[in-house]
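The primary structure of each chain is shown beneath.
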Amino acid sequence: MGAPPVTAQLLAVGELSPGRTTLLLRVPELIAALRPGHALHLVHAEAGGYRLRRVAPVTKIDLLAGSVEVALLPRADGGRDSLAELTAGAQIAVVGPIGQPIEIDSASQQILIVSDGEGFAWVRLLAASLISASRSVVLLVEARTAVELPAASLLPEQVEIVVATEDGSLGHQGSAADLMSTYADWADQVIASGERGLLNAVTSAARATSAIDRTTAKGKRRSRQAGGAPWLQLLISHEIGCGSGVCGGCTFSSANGSVRLCREGPAVSAPGLSAGTRRDS
Amino acid sequence: MTVERTSPSSAEARFSLTGKRPLQLERPIVTASGVLGFGAEAAELVDLRDVGLFVTRGVSLVTRGGAGLPRMVEVPGGMMHAIGRENPGVDEVIDRHGAAWRAAPCAIAISLVAADLGSLGKLIARLESRADLVGADAYELDLTFLSDALGGRRWESSLEESTRFIDAARDSTELPLIVKVSPDVVTPAQFAGAAADAGADLLSVSGSPVGFLPNRTRAASALAEGEGELSGPLIRPRALAAVANAAASGALPIIGGGGIGSPADALDYFAAGAHLISLGSALWADSDLPRAVIESARRAAASRGGSRVADLVGTALRRTTTR
């Protein structure tokens, strides 16, 4: 049997960015195992008593308080989210951690994070953790318009934030991926998180900026592999059904075979990414 | 072919199919195809000793890569998914999972996926040729899959094509055949009769009806495949109607399912005429559900003065038909 659910107490309901709800949960049993890139499954009764596992990325951890903040992913149908309507004191069954942590090599000192409003929930904890570990972090973040950007105060002040907006209301007008060329050579590793369009653009930009290998400041050739970790990881935000790798709901085909986001993901190495294909029986 | 209920003292919840193609289940609980994978990994979520029949994920003759992402989204009252029957093909499935099937503490049904009759025949032939490695107790014929002969529509949308499909399977095996349809099936009662005539042994009215949802921008569909399969409470009344309609025909024993999230939901299916209960995505959130359903059914039977779960079957149906 898989990990049994534990009961979490809801401490507060908040907002990560406009329309993106967070839940602050007291769940000390799970806290030690959680890393950036992990999510929790919230087992919650929907209308009619039907209980679904809802995937929620971990956005913040407070070890002393034994609390974890998770973000609710927006519903595809734009409908009401009963989890967002809970109030402090409610109890929620929680399973986790879901997925693998984002791989950061011990030798990587300079990390570039590229995100949009959808993907920010998956990388906020990463940025904070990297700063705590004395790494340098640049966040390229994009939104349709300035008011949809996550607040800078959600990140440690040491994070260098570079903004792109589609309408030009703040920062660069266009995509965060447009800014990749400025930072790609600086970065020991790149983590991109967001809608499929952003992930594709980041992958293309990364391939355009340089070849697989590059020369370090000391004149040595080094691979664009940061130690054992991939240089470019794409974090794919998606519903996760069973959380055990059996249902196929979060699986896609890659050059290296099937990837289950709940088991091998949600962060995947970019070169292996390809669209799902169908072959008839 | 008859449905026999064994004595309550030995196993009041046991289900036995007797006749030429017997099938004995220790519990009236079936796992819906796809929900728990092929079997070996299922133990991560559910104790298979609580289950009567484990239905595998769909198996095709050759590899199916499956659908692109997104494959799964929430919808009001449930979920919509389009996995694409991803599987590595029959030989690899047997190699990887045959040992787990043979060792399973419950009966195993292999869910068969085929777009044409030629593929179906070869698929069954492959399974039969390796029967000692497979250890299957039954086959599920997935008529919610898409038919080449019907231009990519589901087999279940045509009574005539569905009958041909069942006929072809019957000619290829002596194992019990479970025919799976969704509430979208044309006239369930008529379908049950035709399926029985073609050689089916059970009718599983537990498949997912078709749904569609645009994404939030309304510039594309929410699922990569466009249409998807619905599950959850939103389909339960439709599934119950189809179960009741099929059960009233008396042509075949019925497996009923769709949107069951609690023991009470399962009792509704027994009352509508289901002999066996198919549990789906609710198992992800509640691994104790199979045991809870059986306990609840036993209590419900006792409260009616009976001692067998089978006494619950069709109680609402009888009232409906006598009115």
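The shown structure was predicted, so the numbers you read here are calculated from the model rather than taken from an experiment.

Glancing now at the overall build of chain B. The helix and strand inventory of chain B stands at eleven helices and 15 strands. Dimensions of chain B along its principal axes, counting C-alpha atoms only, are 55 × 50 × 40 Å. For chain B, the proportion of its 323 residues judged to be buried stands at 60%. For chain B, the proportion of contacts with a sequence separation of at least 24, taken over those separated by at least 6, is 68%. Entry remark: accessible area of chain B is about 11,500 Å², with carbon and sulfur atoms responsible for 49%.

Before going further, it helps to spend a moment on the interface of chain B and chain A. If you look at the interface, chain B gives 52 residues, while chain A gives 41 residues. For the pair chain B and chain A, the summed buried surface comes to about 3,800 Å²; carbon and sulfur atoms form 52% of the total. The largest per-residue losses of area from chain B upon contact with chain A belong to Leu69, Glu74 and Arg216 of chain B, which jointly make up 21% of the total buried on that side. In this structure, the salt-bridge partner of Arg75 of chain A is Glu74 of chain B, at a minimum N-O distance of 3.1 Å. The tally of links from chain B across to chain A stands at twelve residue pairs in polar contact (both at pLDDT 80 or more). Elements represented by at least two residues in the side of chain B that touches chain A include exactly strand E6 (72-75), strand E7 (78-81) and helix H9 (282-285) of chain B. Counting residues per element, the side of chain B that touches chain A draws most heavily on E6 of chain B, which supplies four residues. Looking at side-chain class alone, the side of chain B that touches chain A contains 26 nonpolar, 14 polar and twelve charged residues.

It is worth spelling out unusual backbone geometry at this point. Here the amide bond leading from Gly96 of chain A into Pro97 of chain A is cis, since omega sits at 0°, within 30 degrees of zero. Within the secondary structure, Pro97 of chain A sits in strand E6 (residues 91-98). Look at the link from Gly265 of chain A to Pro266 of chain A: it is a cis peptide, with omega at 5°. Turning to its location among the elements, Pro266 of chain A is positioned in the loop between strand E18 (257-260) and strand E19 (267-269). A positive phi angle, near 60°, is found at Ser134 of chain A, a position not held by glycine. Residue Arg218 of chain B is not a glycine yet carries a positive backbone phi of 60°.

With parallel pairing, eight strands are arranged side by side around a closed barrel as E4-E5-E8-E9-E10-E11-E14-E15 (chain B). Across the sheet, the mean angle from the axis of one strand to that of its neighbour is 25°, orientation sign disregarded.

As a further point, take the nonpolar core. Counting 84 residues, the largest nonpolar core has Ile110, Leu112, Leu127, Val179, Leu203 and Ile277 of chain B as its most contacted members. Setting aside residues no more than four positions away along its own chain, Leu127 of chain B makes contact with Val90, Ile94, Ile110, Leu112, Val134 and Tyr139 of chain B.

With that settled, consider the environment of Ala131 of chain B. Relative to the helices and strands, Ala131 of chain B resides in helix H4 (residues 131-134). When the C-alpha positions of Ala131 of chain B and Gly98 of chain B are compared, they lie 9.4 Å apart, and in sequence the two are 33 residues distant.

Residues and elements named next belong to chain B. Under the 1.5 Å per step criterion, the end-to-end length of helix H5 (residues 159-170) is 16 Å for twelve residues, consistent within 8% with the ideal 16 Å. Residues of H5 that are buried include every one of Glu161, Ser162, Phe165, Ile166, Ala168, Ala169 and Arg170, and no others. Buried residues in H5 make contact with helix H3 (117-129), strand E9 (138-142), strand E10 (177-181) and helix H6 (188-198).

This part takes up the packing of helix H2 (residues 90-103) of chain B against H3 of chain B. Residues and elements named next belong to chain B. One can describe the packing of H2 onto H3 by two numbers: an axis separation of 10 Å at closest approach and a directional angle of 30°. The angle between the axes of H2 and H3 places the two elements in the roughly parallel class. Judged by the twist between their axes, the crossing of H2 over H3 is right-handed. Each of Val90, Asp91 and Ile94 in H2 lies in contact with H3, whose residues at this interface are Leu123, Arg126 and Leu127. Classifying every residue of the contact of H2 with H3 by side-chain character gives four nonpolar, no polar and two charged.

Pairing analysis gives six bridges linking strand E8 (residues 136-143) of chain A to strand E9 (residues 160-165) of chain A, with the strands arranged parallel. Of the residues in E9 of chain A, the one forming a bridge with Glu142 of chain A is Ala164 of chain A.

With that out of the way, let us pick up the packing of helix H7 (residues 236-249) of chain B against helix H8 (residues 263-271) of chain B. Residue and element names in this part refer to chain B. At a closest axis distance of 9 Å, the pairing of H7 and H8 adopts a crossing angle of 30°. On the basis of the axis angle, H7 is roughly parallel to H8. On H8, the residues touching Arg236, Ala239, Leu240 and Val243 of H7 are Asp265, Asp268 and Tyr269. Grouping the constituent residues of the contact of H7 with H8 by class yields four nonpolar, no polar and three charged.

Let us look at the pattern of salt bridges. A side chain with one charge may pair with a side chain of the opposite charge, provided their charged atoms come close. Following the criterion strictly, the structure yields 29 salt bridges over all chains and no others. Between Asp81 of chain A and Arg54 of chain A there is a salt bridge, and its shortest N-O distance comes to 2.8 Å. Of this pair, Asp81 of chain A sits in the loop between strand E5 (67-71) and E6 while Arg54 of chain A is found in strand E4 (residues 51-62), placing the two residues 27 residues apart along the sequence. You can call Asp81 of chain A buried: its relative accessible area is 13%. A salt bridge links Arg216 of chain B to Glu118 of chain A; the shortest N-O distance between them is 2.8 Å. Placement of the pair is Arg216 of chain B in the loop between strand E12 (210-211) and strand E13 (228-231) and Glu118 of chain A in the loop between strand E7 (110-116) and helix H2 (120-132), with the two residues belonging to separate chains. Using a relative accessible area of 38% as the deciding quantity, one classes Arg216 of chain B as partly exposed. Via salt bridges that share partners, Arg85, Asp142, Arg154, Glu156 and Glu229 of chain B belong to a single interconnected network.

Right, let's talk about the side chain of Ser115 of chain A for a bit. Residues and elements named next belong to chain A. Mapped onto the elements, Ser115 comes out in strand E7. Among the residues examined, Ser115 registers a relative accessible area of 0% and is labelled buried. Of the polar contacts made by the side chain of Ser115, one reaches the backbone nitrogen of Phe120; its length is 3.2 Å. Those residues within four positions of Ser115 in sequence are excluded, and the remaining contacts are Phe120, Val123, Leu139, Leu140, Val141, Glu142, Ser193 and Leu198.

It is worth spelling out the side chain of Arg54 of chain A at this point. The exposure class of Arg54 of chain A is buried, given its relative accessible area of 3%. A polar contact is formed between the side chain of Arg54 of chain A and the side chain of Glu74 of chain B, at a distance of 2.6 Å.

Residues and elements named next belong to chain B. In this sheet, E13 lies alongside E7 in antiparallel orientation, the contact comprising three bridges. Looking across to E13, one finds that Met80 is bridged to Leu230. Note that E12 and E13 share two bridges and pair antiparallel. Paired with Val210 across the bridge in E13 is Glu229.

What follows concerns the sheet that holds E12 of chain B. Strand order in the open sheet made by the four strands is E6-E7-E13-E12 (chain B), with antiparallel pairing throughout. With partners counted over all chains shown, the strands left at the sheet margins are E6 and E12 of chain B, one partner each.

Thresholds applied
- Residues numbered from 1 in each chain as written.
- Chains lettered and ligands numbered in written order.
- Predicted model: local features only at pLDDT ≥ 70, side-chain atom pairs only at ≥ 80, totals over all residues.
- Heavy atoms only, no water.
- Helix = DSSP H or I, 4+ residues; strand = E, 2+ residues; numbered from the N terminus.
- Buried < 20%, exposed > 50% of the residue type's maximum accessible area, 1.4 Å probe, protein only.
- Contact = heavy atoms within 4.5 Å.
- Areas by Shrake-Rupley, 256 points an atom, 1.4 Å probe, with all protein chains shown as cover.
- Buried area = accessible area lost by both parts, 1.4 Å probe.
- Salt bridge = Lys/Arg side-chain N within 4 Å of Asp/Glu carboxyl O.
- Polar contact = N/O pair within 3.5 Å; in protein donor to acceptor, adjacent residues only side chain to side chain.
- Nonpolar A, V, L, I, M, F, W, Y, C, P; charged D, E, K, R; others polar.
- Pairing = 2+ DSSP bridges.
- Axes fitted to C-alpha atoms, helices over the stretch in contact; angles between N-to-C directions.
- Core = buried A, V, L, I, M, F, W, Y, C linked by side-chain atoms within 4.5 Å.
- Expected span 1.5 Å × (residues − 1).
- Parallel < 35°, antiparallel > 145°, perpendicular 65-115°, else oblique.
- Left-handed = near helix turned anticlockwise from the far one by under 90°.

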